[in-house]
Amino acid sequence: MMSLLDRILGRQPRSASLAKERLQVIIAREGGRTQNPELLQKIKQAVLEAVNKHVPVRPEDIAIDLDSDRDMEVLSVSVTLPDGRKLKTS
Amino acid sequence: MTEVIVVTSGKGGVGKTTTSANLSAGLALRGKRVAVIDFDVGLRNLDLVMGCERRVVYDFVNVINGEASLNQALIRDKHAQNLYILPASQTRDKEALTEAGVEKVLRDLSQMGFDYVVCDSPAGIEHGAIMALTFADHAIVVVNPEVSSVRDSDRIIGILQSRSRRAKEGRDPVRERLLITRYSPRRVRAGEMLSYLDILEILKVPLLGVIPESQRVLESSNAGVPAVHDAQSQVAQAYGDAIDRFLGKQVPLRFVAEEDKGFLRRLFGNVGRRAAA
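Residues numbered from 1 in each chain as written. Chains lettered and ligands numbered in written order. Predicted model: local features only at pLDDT ≥ 70, side-chain atom pairs only at ≥ 80, totals over all residues. Heavy atoms only, no water.

Caption draft 1: Focus on the pattern of salt bridges. Enumeration over the complete set of coordinates arrives at 16 salt bridges over all chains. Residues K20 of chain A and D198 of chain B are paired through a salt bridge, measuring 3.3 Å at the closest nitrogen-oxygen approach. Remark: D198 of chain B occurs in helix α10 (residues 196-203) and K20 of chain A occurs in helix α2 (residues 15-30); the pair is interchain, linking two chains. Take K20 of chain A and D198 of chain B: they sit in the same class, and that class is buried. R216 of chain B serves as the salt-bridge partner of E219 of chain B, at 3.5 Å between the closest nitrogen and oxygen. Placement of both E219 of chain B and R216 of chain B in helix α11 (residues 215-223) is noted, with a separation of three residues, approximately one turn of the helix. Among the charged side chains, a network of salt bridges with common partners joins K20 of chain A together with D198 and E201 of chain B. (Salt bridge = Lys/Arg side-chain N within 4 Å of Asp/Glu carboxyl O. Helix = DSSP H or I, 4+ residues; strand = E, 2+ residues; numbered from the N terminus. Buried < 20%, exposed > 50% of the residue type's maximum accessible area, 1.4 Å probe, protein only.)

Structure (structure tokens):
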């Protein structure tokens, strides 16, 4: 709604605030980037410690990735075991 | 130590090449040794904006393919000392920029003693754009106060955080900063344009500077002389401030508020502006 003053002064409705609102929604949904880059490092460290209790693995044997697909985030962890077998979970 | 700066945006036409030209010229005017590389293979334009298009003999791809040495391909800028331009190739083969080739050129520039290498990225998120950001230490994300540009900036920041060497090797991340260009304080005040504070809130990346919308940008590319050389213009001063901030100085923001007008000029603003333009 344009106020009377806006009408008298010929001002347009405020499209900038609409732009801001739309951008905040779409950017949150697309999640183009990891909000917390340290999170992956922490998870990787925890996985390393957990696996090491049973099988000896090196940090470079663990690949970890966080993907977003619309409203779902997928954390994939891939661990290469010493004898070449692969333990994969998603 | 040579520091690699990528000037990127995702979206085209927001001012990457203008920014690369002004940033590299401004750094050189401050006594730094600077090389600026055009990564837009097939659509070479940095040479025109910097006014050296008639002196291009060899290009970036020639150097990567070993058809010319870096010394042969680098063009010495005529307006600033210690500034060299490596033009893009006009080949249509986009894969001509190999990762190993780009890495070697950057290493050789480092050995030549350059303080900064500025990588002018092509638009998009294809091969050339990825190559431009792969080896970056710093990223200057150029964004217009406009929805598609802001969204694309978010995308390119995500790509920086996953595809750069620094990210892949688990080193300190690329240092990202926003440069907002084509900013119109008048339109922001009228509620027609996102404010720089809105953009910072949405993208959550530190601000390097705000460059006002200005006719000077077109005039300087017409002439092939980056705007920073005309120290009187607002654009030159805004770029200068951004460069000083990049170098670690504390500089207050300028040109983000509308100049104060009298009551009558505000009422009849459009008439006044047209007369002034």
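Caption draft 2: Region of the structure containing the interface of chain B and chain A. At the interface, 20 residues of chain B touch 14 residues of chain A. It is R151, D154 and I202 of chain B in chain B that bury the most area against chain A; as a group they hold 32% of the surface buried on that side. Joining chain B to chain A, the criterion identifies two salt bridges. For K20 of chain A, the salt bridge identified is with E201 of chain B, shortest N-O distance 2.9 Å. Seen at the junction of chain B and chain A, the total is five residue pairs in polar contact (both at pLDDT 80 or more). In terms of residue count, helix α7 (residues 147-163) of chain B provides more of the side of chain B that touches chain A than any other element does, seven residues in total. (Contact = heavy atoms within 4.5 Å. Buried area = accessible area lost by both parts, 1.4 Å probe. Polar contact = N/O pair within 3.5 Å; in protein donor to acceptor, adjacent residues only side chain to side chain.)

Caption draft 3: View of the environment of V36 of chain B. All names here are of chain B. Position of V36 among the secondary structure elements: in strand β2 (residues 34-38). For V36, a relative accessible area of 0% translates into the label buried. Each C-alpha atom of the pair V36 and A21 lies 7.8 Å from the other, and the pair is 15 residues apart in sequence. Those residues in contact with V36 that sit more than four places away from it in its chain are S20, S24, L46, M50, L83, Y84, I85, L86 and V118.

Caption draft 4: Representation of the pairing of strand β1 (residues 3-8) of chain B in the model. Residue and element names in this part refer to chain B. Of all six residues making up β1, five are buried, and the element is well covered by its neighbours. As judged from the five bridges shared by β1 and strand β5 (residues 116-120), these two strands associate in the parallel manner. Among the inter-strand pairings, V7 is bridged to a residue of β5, identified as D120. For β1 and strand β6 (residues 138-143), the ladder comprises four bridges, and the chain directions are parallel. Following the sheet pairing, T8 is matched in β6 by V141. (Pairing = 2+ DSSP bridges.)

Caption draft 5: Main features of unusual backbone geometry. All names here are of chain B. We note that N82 has phi near 65°; this positive angle belongs to a residue other than glycine. Structurally, N82 can be placed in the loop between β3 (75-76) and β4 (83-86). Take N82: its relative accessible area is 25%, and that puts it in the partly exposed class. Positive phi, close to 60°, is recorded for R182, a residue that is not glycine. Within the secondary structure, R182 sits in strand β7 (residues 175-183).

Caption draft 6: Quick look at the state of the cysteines. Scanning all chains against the criterion turns up zero disulfides over all chains. Free of any disulfide, C52 of chain B has its nearest neighbouring cysteine sulfur in C119 of chain B, separated by 16 Å. (Disulfide = S-S within 2.5 Å.)

Caption draft 7: Broad picture of the nonpolar core. Residue and element names in this part refer to chain B. Residues F39, F60, L86, L97, V102, L109 and V150 are the most contacted members of the largest nonpolar core, which totals 54 residues. Not counting residues within four places of it along the chain, the set of residues in contact with F60 comprises I37, D38, F39, L86, P87, L97, V102 and V105. V14, A28, Y116 and A238 belong to the second largest nonpolar core, which has 35 residues in total. (Core = buried A, V, L, I, M, F, W, Y, C linked by side-chain atoms within 4.5 Å.)

Caption draft 8: Broad picture of empty space enclosed by the protein. All names here are of chain B. A complete count under the given rule lists two cavities of 30 Å³ or more for this structure. What the largest cavity holds in volume is close to 50 Å³. Around the largest cavity sit T18, A21, N22, V49, V217, S220, S221, V225, P226 and A227, which together line it. When residues of the lining of the largest cavity are traced back to their parent elements, those giving at least two are α1 (16-29) and α11. When its residues are assigned to classes, the lining of the largest cavity shows six nonpolar, four polar and no charged. Approximately 30 Å³ is the volume attributed to the second largest cavity. Along the walls of the second largest cavity sit T19, L23, I140, L179, L208, Y239, A242 and I243, which together make up its complete lining. Elements represented by at least two residues in the lining of the second largest cavity include exactly α1 and α12 (234-246). Counting residues per element, the lining of the second largest cavity draws most heavily on α12, at three residues. (1 Å grid on protein atoms, 1.4 Å probe; cavity = no way out; pocket = protein on both sides within 12 Å on 5 of 7 lines; lining within 4 Å. Points joined across faces, edges and corners; volume = space filled by probe spheres on them. Nonpolar A, V, L, I, M, F, W, Y, C, P; charged D, E, K, R; others polar.)

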